[in-house]
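# Per-entry structural report
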Amino acid sequence: MTHPAQPATPRWGYGTNGLTDLRLDDALALLADLGYDGVGLTLDHMHLDPLAPDLATRTRQVARTLHRHHLDVTVETGARYVLDPRRKHGPSLLDPDPDARAARVRLLLRAVQVAADLGAHAVHCFSGITPDDTDRDTAWKRLADALEPVLHAADGAGVPLAIEPEPGHLLATLDDFHHLRRALGSPDALGLTLDLGHCQCLEPEPPADCVRAAAPWLRHVQIEDMRRGVHEHLPFGEGEIDFPPLLDALAATGYQGLTVVELPRHSHAGPRLAAESLAFLRTAAQGGGSA
């Protein structure tokens, strides 16, 4: 007999991509002082650069800092220019150039190792935008082929790979996630990053229904406010999402990982928004009342 999941207590995190004006040590200390449970750590030139020398030593230092502050972590790979200073999020897993795709694969493999060394609960990634003059069937094949070695590494490291449906990308919706999962033979190592704002932005079903549908594959959750049809990450209260029922639905899935605030364009106000976001989310999660 299958029993329903026990409601889970939310575990809040904040993304370092919204704290890029802070040194990483300062950002982690800030989040701990505010009362966050963890952090979404984007590997970038200012925060644990995945391409700089001696990554293993620097990762051990970050692991000690996380432990000292009692913070859990998810490793995120959405840095805008970490691989190419001229192309946002380039190259992608869909790049026509095999060498360029291989550079993204190497980044993801490094992210898996970093995640294993940090004891992270997931590694986040996304597909990328379908290049011009590339048909969808070719793009899907490139994505599946590129992810196979990453999934093998993730499985060996015991860290799930959590791919994110991203508006405008090849893999943009929950239906697209299931298309990829089937194409890869439903590997255990492939999970889902669900951005709750993206559900508001473009999924056909309400965000709470998206959460319930995604529950079996949830490995990482991102959260912010958003408006229908507009892919703009907004501070809480500036969009259209009704958060109490959405958070009730998430708790009811039994999801145990971090729910990470994702405000990558608000680093100029990062410390203030980190404090305000946590206060908002704690209120919204209490008893399903109005936040």
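Structure shown above.
Residues numbered from 1 in each chain as written. Predicted model: local features only at pLDDT ≥ 70, side-chain atom pairs only at ≥ 80, totals over all residues. Heavy atoms only, no water.

On to the packing of helix α7 (residues 207–214) against helix α8 (residues 243–252). Where α7 meets α8, the axes come as close as 8 Å, and the angle between the chain directions of the two elements is 5 degrees. In terms of orientation, α7 lies roughly parallel with respect to α8. Side by side, α7 and α8 meet where Pro207, Ala208, Val211 and Arg212 of the first sit next to Pro245, Leu246, Ala249 and Leu250 of the second. Tallied by class, residues from the contact of α7 with α8 come to seven nonpolar, no polar and one charged. (Axes fitted to C-alpha atoms, helices over the stretch in contact; angles between N-to-C directions. Helix = DSSP H or I, 4+ residues; strand = E, 2+ residues; numbered from the N terminus. Parallel < 35°, antiparallel > 145°, perpendicular 65-115°, else oblique. Contact = heavy atoms within 4.5 Å. Nonpolar A, V, L, I, M, F, W, Y, C, P; charged D, E, K, R; others polar.)

A complete count under the given rule lists five aromatic pairs for this structure. On the basis of an interplanar angle of 90 degrees and a centroid distance of 5.5 Å, the ring pair of Phe243 and Phe280 is categorised as edge-to-face. Here Phe243 is found in helix α8, whereas its partner Phe280 is found in helix α9 (residues 270–284), with 37 residues between them in sequence. Looking at Phe243, the relative accessible area reads 2%, which means it is buried. Taken together, Phe236, Phe243 and Phe280 form an aromatic cluster joined through their ring pairs. (Phe/Tyr/Trp six-rings, centres within 6.5 Å; stacked < 30°, edge-to-face > 60°. Buried < 20%, exposed > 50% of the residue type's maximum accessible area, 1.4 Å probe, protein only.)

For the rest of this paragraph, the subject is the pattern of salt bridges. Tallying each qualifying case throughout the model produces eight salt bridges. A salt bridge links Asp95 to Arg87, with the shortest nitrogen-to-oxygen separation between them at 3.1 Å. Residue class for Asp95 comes out buried when judged on its relative accessible area of 10%. On the basis of relative accessibility, which here comes to 37%, the residue Arg87 falls in the partly exposed class. With a shortest N-O distance of 2.6 Å, Arg212 and Asp209 are connected by a salt bridge. Of this pair, Arg212 and Asp209 both sit in helix α7, three residues apart, roughly one helical turn. The class of Arg212 is partly exposed, set by a relative accessible area of 47%. A relative accessible area of 32% places Asp209 in the partly exposed class. The structure contains a network of salt bridges with shared partners spanning Asp84, Arg87 and Asp95. (Salt bridge = Lys/Arg side-chain N within 4 Å of Asp/Glu carboxyl O.)

On to the pairing of strand β2 (residues 38–42). Where burial is concerned, most of β2 is hidden: five out of the five residues are buried. Of the two faces of β2, the one carrying Gly38, Gly40 and Thr42 and the one carrying Val39 and Leu41 are both buried. With helix α1 (residues 24–34) bridging strand β1 (residues 12–15) and the parallel β2, this β-α-β connection has right-handed handedness. Following the chain from β2 across helix α2 (residues 55–68) to the adjacent parallel strand β3 (residues 72–76), one finds a crossover that is right-handed. (Right-handed = clockwise from strand over helix to strand, strands pointing away.)

This paragraph deals with the pairing of strand β6 (residues 190–195). For β6, the tally of buried residues reaches six of six residues, placing the bulk of the element in the interior. Of the two faces of β6, the one lined by Leu190, Leu192 and Leu194 and the one lined by Gly191, Thr193 and Asp195 are each fully buried. Summarising the sheet, strand β5 (residues 161–163) and β6 pair through three bridges and their orientation is parallel. Note that in β6 the partner of Leu161 across the bridge is Leu190. In this region the chain leaves β5, passes through helix α5 (residues 174–183) and returns to the parallel neighbour β6; the handedness of that crossover is right-handed. Note that β6 and strand β7 (residues 218–223) share four bridges and pair parallel. Among the inter-strand pairings, Thr193 is bridged to a residue of β7, identified as His220. (Pairing = 2+ DSSP bridges.)

Of all 10 residues that make up α8, seven are buried, and the element is covered over most of its length. Within the sequence span of α8, burial applies to Phe243, Pro244, Leu246, Leu247, Ala249, Leu250 and Ala251. Phi turns positive one or two residues past the end of α8, at Gly254, with a value near 80 degrees.

Another aspect to go through is the nonpolar core. Residues Tyr14, Val75, Leu143, Leu147, Leu180 and Leu194 are the most contacted members of the largest nonpolar core, which totals 79 residues. It is helix α4 (residues 136–157) that provides the largest number of residues to this core, a total of nine residues. (Core = buried A, V, L, I, M, F, W, Y, C linked by side-chain atoms within 4.5 Å.)

With that settled, consider the environment of Tyr14. Among the structural elements, Tyr14 can be located in strand β1. Classification of Tyr14 by relative accessible area gives buried; the value is 0%. In this structure the C-alpha to C-alpha distance between Tyr14 and Arg58, which are 44 residues apart in sequence, comes to 21 Å.

Now for the environment of Leu171. Mapped onto the elements of the fold, Leu171 is located in the loop between β5 and α5. Taking relative accessible area as the criterion, Leu171 reaches 0% and is therefore assigned buried. Separated by 50 residues in the primary sequence, Leu171 and Val221 have C-alpha atoms spaced 16 Å apart. When neighbours within four sequence positions are excluded, Leu171 is seen to be in contact with Ser127, Trp140, Leu143, Ile163, Glu164, Pro165, Glu166, Asp176, Phe177 and Leu180.

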